[in-house]
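Chain residues, written in single-letter form:
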Amino acid sequence: MAKKLESYMVPLTKLFSQDFFFRVPEYQRPFLWDAEHFNDLIDDLTSSRSDEPYFLGTLVLHEYQPSRYDVVDGQQRLTALCILLACLRDAPAIQQETQLRNELHEKIIQPERILDNVPAKNRLQVKDQAAFNALITKIGGAANSVPDSSKDTPSSRRYELARSLFWAKISKMTGDEVRQFAGFVTQQCHLIYLATDSFEDAFRLFTVVNDRGKQLRRIDVLKAHNLDPRHVPGESARSKYAHQWESMEDQLGEIRFEEIFHLLRLIYVKDKPQADLQSEFANRILGKHKMPKAGAELMDELGAYVNLYDALFVARDYLDDEAKDAKYHTLMEAMVTYFTASEWKACLLSYAKQFGREGLYRFLLKIEKIYLDHWVRGVRKDERYSTYTEILKRIQAASSPAQLLEEIEVDATSIVNACHASNFYNAGHAKYLLVRAEIIASELDHPRHFQVRSIEHVLPQNPAANSLWLENFSDSERKELVDSAGNLVLLSKSKNSSAGRRDFDEKKKTYLKPRVSDFPRSMEVLDYDAWTPALIKERTRQFASSVLLDP
């Protein structure tokens with residue numbers, strides 16, 4: 001338990017004093033604010049009344065030594081404020097006001113005190129220290145762009161972006177305006193800080209609402225937990241795993257990296273979630289029977305899964321089999337692009353982790369059809385979880401890929417029925433199945449990328465008055481067939497509603513031809529002399545009978 005828990009609202013001048021020294025710990029994400037955040041901050045501050053307090057948000061801090069704090073939540077705000085103070089310090093209008101500049105400088109740099117044996121020290125230590133120091137450690141540093149040699153990380157480029165946006169306003173201020181604005185920022189701008197000397201309690205506080213910053217995600221708390229000295233005792237090991245974590249997130253990107261934790265939760269627990277992600281790992285995974293322990297074991301296993309995820313779903317080159325690579329790559333890209341849920345990926349990851357490449361393409365085809373069966377039937381999430389957890393259990397228990405593939409049965413009846421539906425166009429699964437039909441119709445001697453802009457009705461939904469469409473189709477036939485799969489093609493360019501209503505002969509030559517050239521099944525339309533009810537019905541039948549063939 002924490003021995004101390006503090007909560008105070010303080011002005012910036014108090015927070016940037018000798019009572020506080022801040023450190024952005026290794027487990028934190030990089031500096032992520034962008035131009036919108038910086039512009040909002042400087043615009044809000046410059047437009048606020050200088051005689052009224054202004055609330056800048058909340059900080060969550062872990063006091064690891066007296067007056068020394070790790071920033072659990074609030075690094076984005078603190079970093080931006082330091083850069084803002086540096087720009088005020090270096091404003092052209094106060095170049096001759098040495099005392100004012102020194103006072104602003106001491107807000108961001110603790111000056112050396114020779115008699116007290118106190119060295120000069122940054123109020124805030126960040127992860128990309130060199131570029132940050134170029135802005136703040138020397139008076140005059142914020143007046144110039146950060147040297148190119150320092151702009152080698154996303155964070156350092158954001159430091160420079162903040163400097164340039166703040167400088168654009170501050171450099172135009174008069175001396176009186178700078179003095180007034182600096183006084184307002186330091187005296188009237190307040191923050192609430194919550195500080196505890198307990199590492200665990202600090203992270204229980206991280207969910208405090210932060211109006212301006214990028215709040216810690218659940219996986220950031222997981223990162224902190226796994227870098228806790230109780231799990232990784234050595235400082236060099238913690239630094240190594242912290243950088244490894246950031247490297248893995250850079251490898252996959254923020255969204256995919258977060259997704260992998262949800263997939264791992266499903267793989268490990270083989271049950272539907274009972275709490276948030278961080279609680280699931282803390283209470284149901286880490287250190288439990290046959291599951292990784294917190295710290296190095298989890299970090300190493302995460303690294304293996306990240307590489308596997310990358311090879312399966314991003315690079316899509318996992319099979320390392322020239323005969324199947326093009327098929328796998330093309331089909332997987334379509335699944336990743338159009339499938340709206342991700343639980344199926346857990347099954348692929350688990351299979352590849354246990355059996356490698358053997359039989360994986362056949363397994364993928366089964367998983368795809370299971371997903372499609374759920375999709376066309378509108379299966380709820382709980383039932384989906386039940387299906388996938390059963391498959392994960394079978395993977396774990398199977399002695400060979402052949403045994404597993406024999407055990408997994410797929411009934412495609414519902415998918416075929418969905419392909420025959422008269423309202424096929426309005427179904428969420430329509431675009432994916434149409435893309436799949438294009439894959440089946442393609443010669444997959446190399447990976448194919450189907451960039452679909454839209455779905456087009458050959459028989460228009462709203463034919464023009466006096467058009468041949470009204471002569472060739474009765475009202476009942478149009479109602480029955482217009483949204484059926486046989487009447488639909490994919491376009492690689494944007495729609496044109498008026499051109500789409502032209503009669504068939506003109507429409508296919510002037511409108512469809514340049515828009516369907518990337519899609520072999522859709523191009524078949526160009527070979528027909530007429531578009532009739534019988535032809536639409538036959539194309540629907542062919543679509544339903546062939547769309548699920550193995551690529």
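No experiment lies behind these values; they were computed from the predicted model shown. (Residues numbered from 1 in each chain as written. Predicted model: local features only at pLDDT ≥ 70, side-chain atom pairs only at ≥ 80, totals over all residues. Heavy atoms only, no water.)

Before going further, it helps to examine the overall build of the protein. The secondary structure content of the protein amounts to 25 helices and 10 strands. Relative to the compact-globule value of 24 Å for 551 residues, the protein shows a C-alpha radius of gyration of 30 Å, a clear excess of over 25%. By its C-alpha atoms, the protein is 95 × 65 × 40 Å across when sized along the principal axes. Across the 551 residues of the protein, 52% fall into the buried class. Once local pairs closer than 6 in sequence are excluded, the contacts in the protein between residues at least 24 apart make up 72%. Surface summary for the protein: the accessible area is close to 25,100 Å², and the carbon and sulfur share equals 46%. Side-chain charges in the protein split into 74 positive and 80 negative, and the spacing between the mean points of these groups amounts to 1 Å. (Helix = DSSP H or I, 4+ residues; strand = E, 2+ residues; numbered from the N terminus. Rg over C-alpha atoms; globule rule 2.2 N^0.38 Å. Buried < 20%, exposed > 50% of the residue type's maximum accessible area, 1.4 Å probe, protein only. Contact = heavy atoms within 4.5 Å. Areas by Shrake-Rupley, 256 points an atom, 1.4 Å probe, with all protein chains shown as cover. Lys, Arg positive; Asp, Glu negative; His and termini not counted. Charge placed at Lys NZ, Arg CZ, Asp CG, Glu CD.)

Looking now at the layout of surface pockets. When its volume is computed, the largest pocket comes out at roughly 870 Å³. Here the element with the most residues in the lining of the largest pocket is helix α10 (residues 235–252); it accounts for seven residues. Class assignment of the residues belonging to the lining of the largest pocket gives a composition of 14 nonpolar, seven polar and 14 charged. Taken as a whole, the second largest pocket encloses approximately 350 Å³ of empty space. (1 Å grid on protein atoms, 1.4 Å probe; cavity = no way out; pocket = protein on both sides within 12 Å on 5 of 7 lines; lining within 4 Å. Points joined across faces, edges and corners; volume = space filled by probe spheres on them. Nonpolar A, V, L, I, M, F, W, Y, C, P; charged D, E, K, R; others polar.)

Next up on the list: the sheet that holds strand β4 (residues 68–73). By definition, the strands of a sheet pair up through backbone hydrogen bonds, in either a parallel or an antiparallel sense. The six strands are arranged β1-β8-β3-β4-β2-β7 in an open sheet whose pairing can be described as mixed. What marks the edges here is a single partner per strand, and that holds for β1 (5–11) and β7 (124–125). By the bridge criterion, three bridges tie strand β2 (residues 21–23) to β4 in an arrangement that is parallel. Bridge pairing in β4 links phenylalanine 22 to tyrosine 69. (Pairing = 2+ DSSP bridges.)

Side chains Ser454 and Glu456 project from strand β9 (residues 454–457) onto one buried face, and the interleaved Ile455 and His457 project onto a second face that is buried too. In this sheet, strand β10 (residues 488–491) lies alongside β9 in antiparallel orientation, the contact comprising four bridges. Within β10, the residue paired with histidine 457 across the bridge is leucine 488.

Okay, the pairing of β4 next. Here β4 lies mainly inside the structure; five of its six residues are buried. Alignment of strand β3 (residues 54–65) against β4, held across five bridges, turns out to be antiparallel. Its bridge partner lying in β4, leucine 61 is registered against valine 71. If you look at the hairpin formed by β3 and β4, you'll find two residues sitting between the two strands, and serine 67 has a positive phi there, around 70°.

So, about the packing of aromatic side chains. Two numbers describe a pair of aromatic rings. These are the distance of the centres and the angle of the planes. As enumerated under the stated definition, the model contains 32 aromatic pairs in all. Look at tryptophan 469 and phenylalanine 473: their rings are 6.1 Å apart centre to centre, the planes differ by 45°, and that puts the pair in the tilted class. Phenylalanine 473 carries the same exposure label as tryptophan 469, and that label is buried. One Lys or Arg, arginine 23, reaches over the ring of tyrosine 64 and ends 3.9 Å from the middle of that ring. A cation sits over an aromatic face here: arginine 357 above tyrosine 318, 4.7 Å from the ring centre. (Phe/Tyr/Trp six-rings, centres within 6.5 Å; stacked < 30°, edge-to-face > 60°. Lys NZ or Arg CZ within 6 Å of the ring centre and 35° of its normal.)

The next thing to look at is the pattern of salt bridges. Two side chains bearing opposite charge may form a pair once their charged atoms approach each other closely. In total, this model carries 29 salt bridges according to the counting rule given. For lysine 272, the salt bridge goes to aspartate 382, with nearest N and O atoms at 3.8 Å. Within this pair, whereas lysine 272 is found in the loop between α11 (254–269) and α12 (277–285), its partner aspartate 382 is found in helix α17 (residues 381–397), the two being separated by 110 residues in sequence. Taking the shortest distance from any N to any O, the salt bridge between arginine 478 and aspartate 475 comes out at 3.0 Å. Of this pair, arginine 478 and aspartate 475 both sit in helix α22 (residues 475–481), three residues apart, roughly one helical turn. Residue aspartate 475 is classed as exposed on the basis of its relative accessible area of 56%. In the salt-bridge network here, residues are joined through shared partners; they are Arg265, Asp271, Glu280 and Arg284. (Salt bridge = Lys/Arg side-chain N within 4 Å of Asp/Glu carboxyl O.)

What follows covers the nonpolar core. Counting 100 residues, the largest nonpolar core has Phe257, Phe261, Phe281, Leu312, Trp344, Phe363 and Tyr432 as its most contacted members. Within the second largest apolar cluster, 57 residues are counted, among which are Cys82, Ile109, Ala182 and Val185. (Core = buried A, V, L, I, M, F, W, Y, C linked by side-chain atoms within 4.5 Å.)

The next point concerns the confidence of the model for the protein. Across the protein, pLDDT averages 89, with 95% of residues at or above 70. Per-residue pLDDT stays below 50 along residues 207–213; that stretch engages in 23 contacts with residues further than four places along the chain or on separate chains. (pLDDT = per-residue confidence, 0-100.)

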